[in-house]
Amino acid sequence: MLFNSYIFMLVFLPITLVIYFAFRNMEKHIWAKIWLIAMSLWFYGYYNPSYLLVILSSIAVNYACSYVMNRSRSDKNKRLFLLCGILFDIGLIFYFKYFDFFIENINAGFGSDYALRNMVLPLGISFFTFQQISFIVDSYRGETAGYSLIDYVLFVTFFPQLIAGPIVLHSEIIPQFNNKTKFQVNYDNMAEGLYILAVGLFKKVLIADTFGRVVSYGYFSVANLSSLEAVIVMLSYTFQIYFDFSGYCDMARGIGLLLNIDLPVNFNSPYKAKSIIEFWDRWHMTLTRFLRTYIYFPLGGNRKGKIRTYVNVMVVFLISGLWHGANWTFIVWGGLHGIANCLNKRFKNNWDKVNGIVQWVATFLFVNLAWVFFRADSIRDAIMMFRRMLVGGGGISTTFSNQIMIPEMLFLKQLPGFNMMFAKIPSVGLWFLLILGFIGVLKFKNCNNLKITYTWRKALMTGVLLVWTIVSFSEVSIFLYFGF
Amino acid sequence: MESKKFVKIVGIVTIVVLIGCSLIIAVIDPYFHFHKPLDSLAYIIDNERYQNNGIVRNFDYDTIITRTSMTENFKTSECDSLFGCNSIKVPLNGAHFNEVDRQLNVALKLNPDIKIVFRSIDYSMMDEDKDIKRLGEENFPTYLYDDNYANDVNYLLNKTILFKCGEDILYTAKGGTTTTFDEYVNWSNAYCYGKEEVLKDFERPVRKNEIVELSEEKRQMVSDNIYQNVEKTIEENPEVTFYLFFPPYSILFWDSCNQEGMVHYRIGVEREVIERLLTHENVRLFSFTNNFDLVCNLDNYKDAGHYGEWINSEMLQWMKVGEYELTSDNYEDYLEEIEDFYLNYDYDSIYEE
């Protein structure tokens with residue numbers, strides 16, 4: 001299921017909340033948790049029930065390993081089950097996510113012809129894999145004794161964070177499920193939760209998805225883009241992924257709050273960053289935390305000399321790249337960030353002396369360019385996009401600028417003052433959106449440390465945002481095909 | 001304000017506005033999903049895949065004109081006065097045989113009054129797979145076509161459709177009238193016609209020195225396509241008269257065929273179709289492909305296949321009086337005539353000034 005769908009907003013969310021708090025009220029706490037688990041499984045298996053087999057077997061194996069480790073006294077035994085658990089998790093994600101990529105490369109490298117399996121990728125497998133690996137490692141360290149099976153299952157399947165994070169640590173969420181003060185409906189949390197959810201939905205459905213149209217159009221026929229168009233496509237993706245991910249993190253946090261659960265902050269205005277190191281402290285913070293805790297530090301971090309530090313950094317970023325997707329483009333993206341990170345570490349003192357605006361421009365520019373690899377379907381397309389930026393020539397075609405003509409824009413275009421503007425500058429809507437993008441990522445406060453004031457204005461605004469996004473869930477396509 | 005009040009306000013505002021939106025859309029119903037157009041409102045009708053289904057289910061009519069862009073320029077007013085009927089026009093541009101047949105079947109099942117169906121048999125689609133899917137089909141509004149009320153939420157809570165309601169209201173206020181079927185998706189006046197216009201975007205295929213034969217496999221494909229997507233409906237509705245016609249593509253279409261050695265093939269496909277269709281008593285079959293004056297006069301066309309509305313008008317008149325009708329007695333002569341003409345025509349003369 002998706003947050004931005006009728007069934008989630010109008011059916012799933014209300015029922016989940018009502019029955020959850022009803023159980024809590026009746027002091028039936030086990031039932032409250034089971035209810036959340038059941039709803040989370042419905043959420044997860046909605047589009048494809050066979051996903052449930054994957055996640056449930058993964059949970060079973062991981063819990064079993066952790067159970068044994070918690071009761072074992074032999075270090076050797078613990079290590080064995082630690083290894084089993086991690087291998088299983090990696091094996092599972094390898095099979096579903098990376099098998100075809102692996103085979104394609106073998107075929108390309110050795111001229112062989114092994115068949116691809118075209119597995120359907122279970123949603124969120126990257127997230128619940130990392131989440132469970134962290135649990136297994138912490139079990140090895142003796143930090144997870146005392147959690148029941150129900151607590152564990154809820155921890156992994158909890159629907160606000162199941163599909164796209166944040167990557168939650170057991171210690172930050174399981175105690176919350178057992179915290180008495182959270183069992184009653186808390187209107188402060190509800191109010192904040194509703195507000196953040198509304199803002200998150202708006203960012204995703206109205207802003208990110210609108211930029212997405214320009215991006216899809218651009219990457220569909222890279223070779224035909226003009227220079228300006230290529231630059232706009234690059235910028236548009238930079239904004240699309242920002243508002244998409246930021247929106248999603250907001251929605252997850254907001255929904256968590258409705259249930260009185262505090263999910264960790266995952267996003268902190270990352271485009272305000274003035275260095276790559278700072279960027280990764282603001283972008284997908286729980287991923288950075290996971291990589292640091294479970295890969296970087298175990299590898300030695302920066303405690304084994306300069307060269308080893310850089311190697312460790314590269315390993316972390318290459319894994320991060322690969323984790324995002326099974327394609328060389330992701331690996332290149334990860335590698336680029338790794339190199340930038342190493343350079344940032346090496347020249348930190350010099351960098352800190354550079355003018356703040358220059359720092360920002362350089363960081364933002366780098367992030368933009370790296371995103372091209374992240375989004376492109378192939379390395380060739382990414383390079384072609386860069387080429388087009390240099391040699392594409394000027395101008396913006398009408399079809400290009402018409403990509404952002406969502407119904408609101410079409411409506412604006414018909415109004416008296418605006419139609420003249422559109423007539424004079426056909427791409428004015430596009431520029432408007434880009435400017436809005438910059439303001440959004442640089443100026444606005446994020447939803448993290450909100451102290452929301454309860455006023456009529458805010459309440460109405462929240463309602464308007466909710467309604468506006470809900471009626472945007474469905475589009476009307478215009479069929480432009482004109483055949484014989 | 002207390003947070004509890006805040007939550008209440010948000011909840012109430014959201015629910016009230018959403019219900020309001022659904023009511024507006026349900027009452028105005030710009031896609032006729034629930035009911036006929038309201039008498040007090042003027043509706044803009046311009047979106048085939050979204051509005052045809054509603055038209056077919058809720059309007060009053062006893063005659064249907066359908067198919068592709070080949071039929072979009074028909075005028076129902078002319079049809080009504082010639083045939084003494086009450087017709088609607090519900091074309092689907094770019095549709096394959098199966099999509100049109102689906103729509104036709106909905107109409108025939110729901111409306112027992114239907115007595116005539118006008119439908120073109122387009123040359124370019126006769127030999128397609130019977131279950132072919134159209135590009136962009138994943139965006140198809142299935143919720144308008146099925147009997148599932150739950151997914152109507154896609155219609156009732158839809159911003160674009162809400163805007164359409166606003167458009168229709170504004171349109172009414174400015175004194176507009178509901179789009180007539182003469183006007184509906186009629187693009188005739190939007191284009192220029194004539195040789196220069198047609199040749200502008202036409203790419204003459206390179207001459208191939210081969211003759212393409214109609215293979216048994218292809219013949220079977222044609223046969224399956226015609227049976228599943230045309231004949232079955234004819235058989236199941238013996239009380240309805242089906243006026244079927246081969247639309248007159250321009251001489252440039254035949255030039256392309258000739259360049260690629262496909263004339264013989266196309267006529268073979270046409271033979272297969274004619275022979276099948278003529279076995280039905282409730283079919284009146286027509287072809288204007290042997291109206292060589294029409295076909296060779298590029299002033300009638302805006303591109304290699306699309307003719308202006310005056311041709312549609314003429315076709316209606318010919319069909320009324322039975323001119324250009326194909327019967328089991330004359331179709332062999334007809335096929336011989338067109339094969340002879342289109343194989344031997346001096347196509348190069350088209351390109352000379």
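Residues numbered from 1 in each chain as written. Chains lettered and ligands numbered in written order. Predicted model: local features only at pLDDT ≥ 70, side-chain atom pairs only at ≥ 80, totals over all residues. Heavy atoms only, no water.

J.: For this particular structure, what's the right way to read the sheet that holds strand E1 (residues 63–66) of chain B?
T.: Across a sheet, strands are paired by hydrogen bonds formed along the backbone, either parallel or antiparallel in direction. Residue and element names in this part refer to chain B. If you trace the six strands from one edge of the open sheet to the other, you get E2-E1-E3-E4-E5-E6, paired in mixed fashion. Each of the sheet's edge strands pairs with one partner strand only, and the pair in question is strand E2 (87–89) and strand E6 (325–326). Two strands pair when backbone bridges link them, and strand E5 (residues 283–287) and E6 are joined in this way by two bridges, in the antiparallel orientation. The partner of Leu285 across the bridge, within E6, is Leu326. Lying on the sheet, helix H3 (residues 76–83) is in contact with E1, E2, strand E3 (116–120) and strand E4 (241–246); it crosses E2 at an angle near 150 degrees. (Pairing = 2+ DSSP bridges. Helix = DSSP H or I, 4+ residues; strand = E, 2+ residues; numbered from the N terminus. Contact = heavy atoms within 4.5 Å. Axes fitted to C-alpha atoms, helices over the stretch in contact; angles between N-to-C directions.)

J.: Just checking my understanding: could you explain a negative patch on the surface for this structure?
T.: On the surface, Asp333, Glu336, Glu337 and Asp340 of chain B cluster together into a patch of negative charge. With respect to the helices and strands, Asp333 of chain B occurs in helix H14 (residues 331–344). (Patch = residues over 30% accessible without salt bridge, like charges linked within 9 Å, V, L, I, M, F, W, Y side chains within 5 Å. Areas by Shrake-Rupley, 256 points an atom, 1.4 Å probe, with all protein chains shown as cover. Salt bridge = Lys/Arg side-chain N within 4 Å of Asp/Glu carboxyl O. Lys, Arg positive; Asp, Glu negative; His and termini not counted. Charge placed at Lys NZ, Arg CZ, Asp CG, Glu CD.)

J.: Looking at this structure, I do not really get unusual backbone geometry. What am I missing?
T.: Note: most peptide bonds trans; most residues except glycine with negative phi. For the peptide bond that leads from Gly165 of chain A to Pro166 of chain A, omega is 5 degrees, which places it in the cis range. The backbone of Asn260 of chain A sits at a positive phi, close to 70 degrees, despite the residue not being glycine. Tracing the chain through its elements places Asn260 of chain A in the loop between helix H10 (227–258) and helix H11 (276–282). The phi angle at Phe32 of chain B is positive, at roughly 55 degrees, despite the residue not being glycine. We classify Phe32 of chain B as buried; its relative accessible area is 0%. (Buried < 20%, exposed > 50% of the residue type's maximum accessible area, 1.4 Å probe, protein only.)

J.: I tried to follow the pairing of E1 of chain B on my own but got confused; where do I start?
T.: Side chains on a regular strand alternate between the two faces of the sheet. Residues and elements named next belong to chain B. Burial along E1 is two-sided: the face carrying Thr63 and Ile65 and the face carrying Ile64 and Thr66 are both buried. Relative to E2, E1 runs parallel, the two sharing three bridges. Bridge pairing in E2 links Ile64 to Ile88. Following the chain from E1 across H3 to the adjacent parallel E2, one finds a crossover that is right-handed. (Right-handed = clockwise from strand over helix to strand, strands pointing away.)

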